[in-house]
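Listed below, chain by chain, are the residues.
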Amino acid sequence: MALLAATPTAAVAEDGYELWLRYRSVEAPWRARYAPHATAIVTRSASPTMRAAQAELRRGIVGMLGAEPSNQLQSGAIILRSRVRIGGLGKDAYRIRSAVVSGKPLTIIAANSDIGILYGSFAFLRLLQTRQPIDRLDLSSRPKLPLRLLNHWDNLDGTIERGYAGHSLWNWAELPQIHPRLIDYARANASIGINGVVLNNVNANAQILTPAYLRKVAAIADAWRPYGIRVYLSARFSAPIEIGGLGTADPLDPRVQKWWRGKVDEIYQLIPDFGGFLVKANSEGQPGPQTYRRTHADGANMLADALAPHRGMLFWRAFVYGGSDDDRVKQAFDQFRPLDGQFRRNVVLQVKNGPLDFQPREPVHPLFGQMPRTRLAMEVQITTEYLGQSTHLAYLGTMWSEALCSAAAPDSLLAMAGVANTGNDRNWTGSHFDQASWFAFGRLGWDPTAEPRAIAEEWTRMTWGNNPRLVRPIVAMMMRSREAVVDYMTPLGLAHQMGTDHHYGPAPWVCDLPQPSWNPCYYSRADAQGIGFDRTRSGSNAVAQYTLDVARRFADLNSVPDEYLLWFHHVPWAYRMRSGRTLWDELVIRYDRGVSDVESMNRVWASLAPMIDAQRHADTAARLKQQLAEARWWRNASIAYWQSLSKLPLPAGHKPPPHTLGWYQALRFETVPGFLSPRIPPGWPCLSAQGDLPCAP
Ligand code: GCV
């Protein structure tokens, strides 16, 4: 890295479109080291995937080294060798090694399949992008999970449920014409090993299964095939009624089974490598087999049987609640655990990382490790519905790694599914830093044991630059960022304290929604005596859903980690924490710690201005400023509410909220994403970017 310090990179105009595949010119000393090992790209195959690999290598080499590679077998050539039968490595794996053949130094990228070559090519480019030596290579890599899928919650009208980066990338009016952006999307995904994309929202519209849409879906599948990306669709369980003319969707009805078989055959006629279906059933108003008194297994197996002859997969979501009065976080486990062993081989049960709903922090879902005879996918949310949406900087690699490391999760996994955070904003994700979570999702899908810090560093180098004076502070900021959000939103195991419906901003006081578990008060259980949800034996006993040793640790106040205290226990405000402080004091200190972390992120980012291009710097600075205002708002509104119950003074040195509780309760946010039309009556108070000040009229 000493080479870098001598030649700081010039900051040129950038808008974030290129993501982490920027391929900017490397510093002269590195060019001198790299150029002799990237003089040519040689391959015998002209398959579309090999052409994509060649094109990417060429693009990277021209961009970074400024020289056009030839296609001659010469000193310094990169040889792409597919179908070489590398023992012990699977289909997607690659090996990269340096060799000397007939006196010529060469770099050989070898794989069992063409797609392995594409992955290997991206890995080779990554070495240059992150300034690693490439003259004595011998490395190989294979994905630990075979299926690595993005789930888009894109609606057919172009809106995106919980999307904060513009409209859908799929322009149904324009399709089957392929916009070049769809190819850049495929390149980005292939570069991080993503190999499947569900195009439409799990709150599905059956129209996607009609011939007119399927022809457009087939065009996307054709365009992405060279990049190893299979297309999947969310299927609406009641489609046989809505588009099939049947009077029922009962999975045991032979007419329904025949309709699905016919539909699946029709899809495979158009898309021979169609990935399969994703289904949200009997959840949040979606239809499902329980409507006909059938089980989730009956429903999933019926669809799986239709897909099986074509080797299609059926992803069935375990996100269910509302069918009982029991603690919401217990309901998925209670419904699905008894079905272990009843699903077909091509069914994957898709389970959210935690048992509630993508909160800033949850313990791992107890189904992981406890469905030994069922194939599982871990579903995470890349789009930050509950972590400040696209304003707050929250790198999620740390959060997912926490879930993946817990409860033997990686061993029981077949797949990772990530709810996509992309839209048609120029930089894809709204916030530049949200690109990092997309990147981390792919890298963790490839290797769930990968270090989130290493991933953050890789992304930073590829996205912002290799200058250590920039890499170190950005990585430090990212590594702390999610914990900061936890601290100023829902510290110490609190959850779901967000505003009704849009989930934007604090609303811990809400207690009047018809479905009990939609209310923040349901989760905090806060009253004059204390706070927290008793999930031990004296309460809902959700803790008993974990394996014995984990359950014991969580159930015991002496061993439960502070991070999960209020998730599992209801404790008095004066409860003495391990730190020696009372719970009340600790709570306030955590809120303030979160806010001060965001203050420091603002300072760090400002100091990086000379090293970062103006547009991306300014955009990020504006979001960080807004984040700070919102972090303070979260802190102040939450403390004002808890204090109205605890009646305790703030610990010394911690400032009281600048407004009354009523002021925070009166704020309305009808223009945040999720609402289709602005409905703010004139005169409503709102929060300005400057902090706790009413907006100008
Ligand atoms: C697609 C949460 C979100 C919903 C989402 C649901 C799900 O409840 O708020 O928008 O619906 O999760 O995962 O199905």
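Structure report, in brief. (Residues numbered from 1 in each chain as written. Predicted model: local features only at pLDDT ≥ 70, side-chain atom pairs only at ≥ 80, totals over all residues. Heavy atoms only, no water.)

1. A short note on the nonpolar core
Counting residues in each nonpolar core, the largest one holds 222 residues, and the members touching the most others are Trp-224, Trp-260, Phe-277 and Trp-642. For this core, the element with the highest residue contribution is helix α19 (residues 614-646), accounting for eleven residues. For Trp-224, the residues in contact, after removing those within four places along its chain, are Trp-170, Leu-182, Tyr-185, Ala-186, Val-197, Leu-199, Ile-229 and Val-231. (Core = buried A, V, L, I, M, F, W, Y, C linked by side-chain atoms within 4.5 Å. Buried < 20%, exposed > 50% of the residue type's maximum accessible area, 1.4 Å probe, protein only. Helix = DSSP H or I, 4+ residues; strand = E, 2+ residues; numbered from the N terminus. Contact = heavy atoms within 4.5 Å.)

2. Side note on the pairing of strand β9 (residues 276-279)
As paired strands, strand β8 (residues 230-234) and β9 are joined by three bridges and run parallel to one another. By the bridge assignment, Ser-234 is partnered in β9 with Leu-278. Taken together, the four bridges between β9 and strand β10 (residues 313-317) define a ladder with parallel strand orientation. Residue Phe-277 lies in a different strand from β10, and its bridge partner there is Leu-314. Regarding the hand of the β-α-β motif, the stretch spanning β9, helix α9 (residues 296-307) and β10 is right-handed. (Pairing = 2+ DSSP bridges. Right-handed = clockwise from strand over helix to strand, strands pointing away.)

3. Considering the packing of helix α5 (residues 180-191) against helix α6 (residues 211-224)
Orientation of α5 relative to α6, taken along the N-to-C sense of each, is 50 degrees, at an axis distance of 10 Å. Judged by the inter-axis angle, α5 sits oblique to α6. Between α5 and α6 lies a crossing whose hand is right-handed. Contacts from Leu-182, Ile-183, Tyr-185 and Ala-186 in α5 reach Ile-220, Ala-223 and Trp-224 in α6. (Axes fitted to C-alpha atoms, helices over the stretch in contact; angles between N-to-C directions. Parallel < 35°, antiparallel > 145°, perpendicular 65-115°, else oblique. Left-handed = near helix turned anticlockwise from the far one by under 90°.)

4. Quick look at the sheet that holds strand β1 (residues 40-42)
Read from one edge to the other, the open sheet built from five strands follows the order β1-β2-β4-β3-β5, with strand pairing classed as mixed. Of all the strands in the sheet, just β1 and β5 (138-141) have a single pairing partner and so form its edges. Sheet twist, expressed as the mean angle between neighbouring strand axes with direction ignored, is 20 degrees. Bridge analysis of β1 against strand β2 (residues 77-81) gives three bridges, and the strand direction is parallel. Within β2, the position partnered with Ile-41 by the bridge is Ile-78. Relative to the sheet, helix α4 (residues 114-129) contacts β2, β3 (94-101), β4 (104-110) and β5, its axis offset from that of β3 by approximately 70 degrees.

As far as function goes, none of this settles anything; it's purely spatial.
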